[in-house]
Amino acid sequence: MKALEKSKPEVGLWMTRAPVPKIGPDDVLIRVRKTGICGTDIHIWNWDAWAAGTVPVPMITGHEFAGEIVELGRNVEGLEIGQRCSGEGHLIGKKSRQSRAGKFHLDPGTRGIGVNEQGAFAEFLRLPAFNVVPLPDAIDDEIGAILDPLGNAVHTALSFDLIGEDVLITGAGPIGIMAAAVVRHVGARHVVITDINQDRLDLAARVTDVVPVNVGHQDLKEVMSGLKMKEGFDVGLEMSGNQRALDQMVENLVMGGRIALLGIPPGKSPVDWSRIVFKAITIKGVYGREIFETWYKMIAMLENGLDVRKVITHRFKVDDFREGFGAMLSGSSGKVVLDWT
Ligand code: ZN
């Protein structure tokens, strides 16, 4: 089969021929139709310090996909050949305290497809049947291929009650933009998204009803007074990993405000903890998606009018994957989807 592989420890990915994966009794084999390129794949492409220290070579990359089940392991029940699906790319253990409590997303032994295990940038993917998420007809393959990052956005956004709240999202990458769409969908009042990348702010405004603010030259306080906000934002979703964005978020939150952190700072970063204490702020770190509650909510919202399609800005045949990665590396794209059919 065709597969997009990190074949050697240097910059780039290479299209290779790999054997079709053999499935175990509890697995399914999926024919991949569409895949999304993630920021994680860009780290692996660039072979930065994180990738070099984490990803064994050779490795088929990729974890955002939609496809069709073509083979079932002998123990698999409740799934069918020909069924369209996406799937959770975090492979979890079932022995930890958290797993046994049903909090699968908190299993400490989680391994990721396309990072620690052979991934989805291939014509066929082996996946435990447990991880498969069947797709309803209302969700096509293209949206199916971005459910993983949409799930990050949904998990982060639904961390706190949003109904009638004023929400600040820092970082207008694809996940920040999709989070804005979710926040709007579930009934927040004002939704403000900040960045210093104007292309991405413009994209945010095309995808959903959000107030884009370029903090490179716009004053957030003025925007807030323009919205007649008196005390500050009730909820903050930090999607940038940028220390100044977090500072600005804390500064502009109400007393007792709540923050969900998805953005990953590049290293240790200084935080003014006393201000967080005196403002009585709650902070929650967010990892992955709740398995499978996030998937359930996400699919239900997509079936009920949540529309994130415009966040997909580039579509390429997989043979043109270099152009797809080029679009990602430009820093101003939305989601980039590769077609394997
Ligand atoms: Zn991803």
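Residues numbered from 1 in each chain as written. Predicted model: local features only at pLDDT ≥ 70, side-chain atom pairs only at ≥ 80, totals over all residues. Heavy atoms only, no water.

(A) The overall build of the protein chain, seen in detail. Along the protein chain, the regular secondary structure elements total twelve helices and 18 strands. For 341 residues, the compact-globule formula gives about 20 Å, and the C-alpha radius of gyration of the protein chain, at 20 Å, lands near that figure. With the C-alpha coordinates aligned to their principal axes, the bounding extent of the protein chain is approximately 60 × 40 × 35 Å. Residue burial in the protein chain is summarised as follows: out of 341 residues, 54% are buried. (Helix = DSSP H or I, 4+ residues; strand = E, 2+ residues; numbered from the N terminus. Rg over C-alpha atoms; globule rule 2.2 N^0.38 Å. Buried < 20%, exposed > 50% of the residue type's maximum accessible area, 1.4 Å probe, protein only.)

(B) Structural detail: the sheet that holds strand β11 (residues 167-170). If you walk across this open sheet you meet the six strands as β13-β12-β11-β14-β15-β16, and the pairing is parallel. The open sheet has two edge strands with one neighbour each: β13 (211-214) and β16 (282-285). Averaged over all neighbouring strand pairs, the angle between strand axes comes to 20°, with direction disregarded. Direction of pairing for strand β15 (residues 253-261) relative to β16: parallel, over a ladder of four bridges. Counterpart to R258 in the pairing with β16 is T282. Across the sheet, helix α7 (residues 198-207) is in contact with β12 (191-195) and β13; its angle to β13 comes to roughly 175°. (Pairing = 2+ DSSP bridges. Axes fitted to C-alpha atoms, helices over the stretch in contact; angles between N-to-C directions. Contact = heavy atoms within 4.5 Å.)

(C) Structural detail: the domain arrangement of the protein chain. Domain parsing of the protein chain yields domain 1 (2-146 + 308-339) and domain 2 (151-285). Centre-to-centre separation of domain 1 and domain 2, based on C-alpha positions: 28 Å. Surface buried jointly by domain 1 and domain 2 totals about 890 Å² across both partners, of which 69% is contributed by carbon and sulfur atoms. The interface formed by domain 1 and domain 2 includes zero salt bridges. Where domain 1 touches domain 2, the interface holds three residue pairs in polar contact (both at pLDDT 80 or more). In terms of residue class, the side of domain 1 that touches domain 2 is built from three nonpolar, six polar and two charged. (Domains from an automatic or database assignment. Buried area = accessible area lost by both parts, 1.4 Å probe. Salt bridge = Lys/Arg side-chain N within 4 Å of Asp/Glu carboxyl O. Polar contact = N/O pair within 3.5 Å; in protein donor to acceptor, adjacent residues only side chain to side chain. Nonpolar A, V, L, I, M, F, W, Y, C, P; charged D, E, K, R; others polar.)

(D) Spatial organisation of the coordination of the zinc ion. Around the zinc ion, the donor atoms from the protein are C38 (SG), H63 (NE2) and E64 (OE), and they sit 2.1 to 2.4 Å away. All donors of the zinc ion belong to a single chain; written as a sequence motif, their spacing is C-x24-H-E. Highlighted residues: C38 in the loop between β3 (27-36) and α1 (39-46) and E64 in strand β5 (residues 64-72), separated in sequence by 26 residues. On the accessibility criterion, C38 (14% relative accessible area) is buried. (Donors = N, O, S within 2.8 Å, 3.2 Å for Na, K, Ca; no water.)

(E) Quick look at the pattern of salt bridges. All told, the structure shown has 18 salt bridges when counted by the stated rule. Here K2 ties to D319 by a salt bridge, and the two come within 3.0 Å at their closest N and O atoms. You can see K2 sitting in strand β1 (residues 2-6) and its partner D319 sitting in the loop between β17 (312-317) and α12 (321-329), a full 317 residues away along the chain. Judged by its relative accessible area of 23%, K2 is partly exposed. A salt bridge links R189 to D166; its shortest N-O distance comes to 2.9 Å. Of this pair, R189 sits in the loop between α6 (174-185) and β12 while D166 sits in the loop between α5 (147-157) and β11, and the two are 23 residues apart along the sequence.

(F) Fine view of the nonpolar core. Grouped together as the largest cluster of nonpolar side chains are 48 residues, with contacts concentrated most on L150, I169, V183 and L237. Within the residue set of this core, elements represented by two or more residues are α5, β11, α6, β12, α7, β14 (233-238) and α11 (293-303). When residues in this core are grouped by element, the largest group, seven residues, is from α6. Among the domains, domain 1 (2-146 + 308-339) and domain 2 (151-285) are the pair contributing at least three residues each to this core. Excluding its chain neighbours within four sequence positions, the residues that come into contact with V183 are A157, L162, V167, I169, A188, V191 and L237. Within the second largest apolar cluster, 36 residues are counted, among which are L4, C85, A129 and L338. (Core = buried A, V, L, I, M, F, W, Y, C linked by side-chain atoms within 4.5 Å.)

(G) Quick peek at the state of the cysteines. According to the stated counting rule, one finds zero disulfides in the structure shown. The thiol of C85 is not disulfide-bonded; the next cysteine sulfur, from C38, is found 19 Å away. (Disulfide = S-S within 2.5 Å.)

(H) Structural view of the packing of aromatic side chains. Counted under the stated rule, the structure contains three aromatic pairs. Ring geometry for F130 against F292: centres 5.4 Å apart, planes inclined by 70°, an arrangement best described as edge-to-face. Residue F130 is found in the loop between β9 (124-128) and β10 (132-134), and its partner F292 is found in the loop between β16 and α11; the two are separated by 162 residues along the sequence. Relative accessible area serves as the criterion here: at 31%, F130 is assigned to the partly exposed category. An aromatic cluster of three or more residues is present, and its members are F104, F130 and F292. (Phe/Tyr/Trp six-rings, centres within 6.5 Å; stacked < 30°, edge-to-face > 60°.)

(I) Structural context of the packing of α1 against α12. In contact at an axis separation of 11 Å, α1 and α12 are set at 105° when each is read in the N-to-C sense. The pairing of α1 with α12 is recorded here as roughly perpendicular in orientation. Along its contact with α1, which presents G39, D41, I42, W45 and N46, the element α12 presents F321, R322, F325, M328 and L329. Taken together, the residues of the contact of α1 with α12 sort by class into six nonpolar, two polar and two charged. (Parallel < 35°, antiparallel > 145°, perpendicular 65-115°, else oblique.)

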